[in-house]
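Spelled out, the chains give:
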Amino acid sequence: MNNRRIVAATLAGHFAAAFAALGMPPFYDRILREALHSDAAYLAGWFFVIPTLLAALSNPWWGALADRFGKKRLLLRAHLGLAASFWLTSLAGNAWEFGAALALQGILGGTFAASNAYLATVVSGHRLTRLLTLMQGSARAALFAGPALMGLLAHGTAPLLMYRYLAVLPVVSAVLVWWLPSGEAQQPSPCTTLPQANNSSATDEAIPPFHLYFLQFAFIFATVITFPYFVPYAEHTLPHLPAAAPGLLFGLPHLAYLFCALPMSRYLGRQRLLVTLVISQALLVAALLGQAWSHDLAAMIGWRIAMGIAMTASYIALHGLVAAITDAGNAGRRFGSLEGSTKWGAVAAGLVAGIAATHWGLQAPFLIGAVTLGVTSIQLFLLMSRQCRGAFKQPARTID
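Things to note about the overall build of the protein chain
Looking only at helices and strands, the protein chain has 16 helices and 0 strands in total. The buried share among the 400 residues of the protein chain stands at 55%. Put simply, of all contacts in the protein chain between residues at least 6 apart along the chain, 86% involve residues at least 24 apart. Split by element, the accessible area of the protein chain, about 17,600 Å² in all, is 69% carbon and sulfur.

Focus: helix H8 (residues 159-166)
Each turn of an α-helix holds 3.6 residues, which means side chains three or four residues apart point in the same direction. Of the residues making up H8, those classed as buried are Pro 159, Leu 160, Met 162, Tyr 163 and Leu 166. Within H8, the buried residues cover an arc of 145° as seen down the axis, which keeps them to one side.

Points about the packing of helix H6 (residues 111-119) against helix H15 (residues 331-360)
Two numbers describe how H6 lies on H15: the axes approach to 8 Å, and their chain directions differ by 150°. Like other packed secondary-structure pairs, H6 and H15 cross with a definite hand, here right-handed. Here Phe 112, Ala 113, Asn 116 and Ala 117 of H6 lie close against H15, whose contacting residues are Ala 331, Gly 332, Phe 335, Gly 336 and Glu 339.

Brief notes about the confidence of the model for the protein chain
A residue-level look at the protein chain finds 87% of positions with pLDDT of 70 or above and a mean pLDDT of 83. This model gives residues 185-204 a pLDDT under 50, and the stretch forms 47 contacts once residues within four places in sequence are excluded.

Some points on the packing of aromatic side chains
Overall, the coordinates contain 12 aromatic pairs when judged by the stated rule. Ring plane angle 70° and centroid distance 5.4 Å describe the contact between Phe 47 and Phe 98, whose orientation is recorded as edge-to-face. Of this pair, Phe 47 sits in helix H3 (residues 43-69) while Phe 98 sits in helix H5 (residues 95-108), and the two are 51 residues apart along the sequence. For Phe 47, a relative accessible area of 3% corresponds to the buried category. What makes Phe 98 buried here is its relative accessible area of 0%. Taken together through their ring pairs, the aromatic side chains of Phe 227, Phe 230, Tyr 233, Phe 250 and Phe 366 make up a single cluster.

Some remarks on the pattern of salt bridges
Proximity of charged atoms lets side chains of opposite charge pair with each other. If you walk through the whole model with that rule in mind, you get 3 salt bridges. Among the salt bridges present, the one from Lys 343 reaches Glu 339, with a minimum N-O distance of 3.4 Å. In this pair, Lys 343 and Glu 339 are both assigned in helix H15, 4 residues apart and thus about one turn of the helix distant. Residue classification places Lys 343 among the partly exposed residues on the basis of a relative accessible area of 23%. One connected set of salt bridges, linked through shared partners, spans Asp 67, Lys 71 and Arg 333.

Topic: the packing of helix H10 (residues 209-224) against H15
Contact pair H10 / H15: the axes reach a minimum separation of 8 Å and the direction vectors enclose 35°. Of the two possible hands of crossing, H10 and H15 adopt the one that is right-handed. Where H10 approaches H15, its residues Pro 209, Leu 212, Tyr 213, Gln 216, Phe 217, Ile 220, Phe 221 and Val 224 are matched on the opposing element by Arg 334, Ser 337, Leu 338, Ser 341, Thr 342, Trp 344, Gly 345, Ala 346, Ala 348, Ala 349 and Val 352. Its residues placed into classes, the contact of H10 with H15 shows 13 nonpolar, 5 polar and 1 charged.

Describing the nonpolar core
By size, the foremost hydrophobic cluster in this structure holds 76 residues, and its most contacted members are Leu 212, Leu 249 and Phe 335. No other element matches helix H14 (residues 297-324), which puts 11 residues into this core. When near neighbours in sequence (up to four residues on either side) are disregarded, Phe 335 contacts Ala 113, Asn 116, Ala 117, Ala 120, Leu 132, Val 322 and Thr 326. Counting residues in each nonpolar core, the second largest holds 25 residues, with Ala 17, Tyr 28, Leu 36 and Ala 95 among its members.

Here's the deal with unusual backbone geometry
Peptide bonds are, in most cases, trans, and in most cases residues other than glycine have a negative phi. At His 37, a residue that is not glycine, the phi angle is positive and equals roughly 55°. Residue position: His 37 is located in the loop between helix H2 (28-35) and H3. Given a relative accessible area of 67%, His 37 falls into the exposed group. In this structure, Arg 272 takes a positive phi of about 50° despite not being glycine. Examined against the element boundaries, Arg 272 turns out to sit in the loop between helix H12 (245-265) and helix H13 (273-292).

So, H2
Buried residues of H2: Tyr 28, Ile 31 and Leu 32, and no others. Angularly, the buried residues of H2 cover 100° about the axis, an arc narrow enough to put them on a single face.

Quick look at the environment of Phe 27
Checked against the element boundaries, Phe 27 lands in the loop between helix H1 (3-23) and H2. Judged by its relative accessible area of 16%, Phe 27 falls in the buried class. A sequence separation of 123 residues divides Phe 27 from Met 150, and the C-alpha atoms of the two residues are 8.8 Å apart.

Side note on the environment of Ala 17
Here Ala 17 is to be found in helix H1. Sequence-wise, Ala 17 and Val 172 are 155 residues apart; in three dimensions their C-alpha atoms are separated by 9.0 Å. Excluding residues within four positions of it along the chain, Ala 17 makes contact with His 79, Leu 82, Thr 111 and Ser 173.

Considering the environment of Phe 98
On a C-alpha basis, the gap between Phe 98 and Leu 88 in space is 8.6 Å, while along the polypeptide they are 10 residues apart. The contacts of Phe 98, once residues within four sequence positions are left out, are Tyr 28, Ile 31, Leu 36, Phe 47, Thr 89, Ala 92, Leu 160 and Tyr 163.

Quick notes on the side chain of Thr 237
Position of Thr 237 relative to the elements: it lies in helix H11 (residues 230-237). Classification of Thr 237 as buried rests on a relative accessible area of 12%. Ignoring anything within four residues of it in the chain, the contact list for Thr 237 reads Ser 294 and His 295.

The rules behind these values
Each chain carries its own residue numbering, running from 1 in the direction its sequence is written. Two thresholds apply to this predicted model, a pLDDT of at least 70 for residue-level local features and 80 or more for giving and counting side-chain atom pairs, whereas whole-chain, interface and lining totals are computed over all residues. In computing side-chain values, all of the structure's heavy atoms are included and hydrogens and water are not. A run of H or I in DSSP counts as a helix once it spans at least four residues, and a run of E counts as a strand once it spans at least two, with each numbered from the N terminus. Categorising residues by exposure relies on relative accessible area from a 1.4 Å probe, with only protein chains included: less than 20% of the type maximum marks a residue as buried, more than 50% marks it as exposed, and the intermediate range marks it as partly exposed. The contact criterion used is simple: two residues touch if any of their non-hydrogen atoms lie within 4.5 Å. Only the protein chains shown count as covering a residue, and every accessible area follows the Shrake-Rupley method with a 1.4 Å probe. Summarising the geometry, the arc corresponds to the directions from the helix axis toward the C-beta atoms. Fitted lines through C-alpha atoms serve as axes, helices being fitted only where they are in contact, and the angles separating the N-to-C directions of these axes extend from 0 to 180 degrees. Definitions for this section: a left-handed crossing has its near helix turned counterclockwise from the far helix by less than a right angle. A right-handed crossing has that turn clockwise. For every residue, the pLDDT score states the predictor's confidence, bounded by 0 at the bottom and 100 at the top. In this scheme Phe, Tyr and Trp rings, the latter by its six-membered ring, pair at centre separations within 6.5 Å, and the angle between planes marks the pair as stacked below 30 degrees, edge-to-face above 60, and tilted otherwise. Salt bridges are identified by distance alone: a Lys or Arg side-chain nitrogen within 4 Å of an Asp or Glu carboxyl oxygen. Residue polarity is assigned by list, with Asp, Glu, Lys and Arg as charged and Ala, Val, Leu, Ile, Met, Phe, Trp, Tyr, Cys and Pro as nonpolar; anything else, Gly included, falls into the polar class. In plain words, nonpolar cores are sets of buried Ala, Val, Leu, Ile, Met, Phe, Trp, Tyr and Cys residues tied together by side-chain atoms within 4.5 Å.

Following this line, the structure appears as structure tokens:
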């Protein structure tokens with residue numbers, strides 16, 4: 001099987017699983033009221049966090065097992081685990097059983113990290129950077145389309161029963177993965193020195209994994225912290241908007257990513273990755289501050305689009321940095337840890353957003369996000385200065 005078919009099958013499988021996983025959370029409140037007969041509305045917020053928290057804890061462990069037992073096997077496990085947890089969710093008889101089933105989704109899922117790890121056994125360097133950008137686009141498309149289509153399909157259907165139908169999607173994904181090659185034949189020996197020609201994604205800009213995990217955490221935290229309260233913020237700041245407008249404004253950055261990711265990845269992500277990340281984060285800081293002080297619809301639309309473009313460039317730079325320190329031998333551990341840092345960033349963002357919006361107003365999440373990226377930029381400048389000092393003293397690098 002050629003690489004294009006492998007990539008297409010992996011992307012299709014991930015989109016199907018992500019569509020199912022991301023399509024239902026907006027309907028947790030309805031499930032609690034109509035299916036589980038619970039008036040504890042606050043549980044909807046907790047249930048939104050539970051799968052993310054458990055995924056943050058379990059993804060690094062699953063990644064280590066992927067390096068040991070094979071990326072394809074663990075990708076199959078992720079799809080089948082998600083299918084099983086969806087089916088169990090459909091059987092929930094009360095709110096606590098529903099919460100336990102959502103916890104299983106977080107523990108048994110992990111299709112995004114597993115798909116990325118498998119792709120790293122097929123390609124490397126800038127091609128891997130572009131594929132990681134496409135994978136992020138798959139997640140954004142699922143986030144954009146999933147809730148809307150689930151809302152249409154849910155009419156006339158018991159909300160919990162939807163999970164039983166959705167379980168079919170990761171099963172179909174598992175069938176696609178089953179026919180893919182293992183990819184493990186490309187895995188190098190753990191003690192092999194990584195040649196520069198093997199990775200065109202700016203290996204001279206490779207940074208320690210811990211710093212990369214911090215950058216990923218900070219970036220996710222700074223952007224996701226604005227998500228939970230954007231709709232009420234838009235309704236408060238622009239009170240004369242049509243009813244559907246706040247939701248459309250919320251989706252603009254994700255839509256911008258879908259339009260910009262592929263053309264931008266042709267030019268970005270090859271070199272000067274840290275510089276690209278600093279510039280894109282500076283634009284993102286401006287976009288966050290612009291939204292925090294915007295009282296005009298046209299300005300809000302412009303800042304939301306700028307946010308999407310800045311997010312896209314930041315993701316491409318981060319993907320290039322990931323590709324520079326990733327190979328077939330460590331891909332499971334690398335992407336498991338990266339996805340763990342992403343989930344922790346999302347959990348922290350949700351918790352801090354609730355506290356900040358309650359105590360300091362709906363503008364606070366935007367300001368906290370901007371400050372976080374400012375602190376991150378300081379770390380990036382320190383990393384670049386270290387690389388400048390060591391530019392002519394590059395030792396051979398080994399795969400960890």
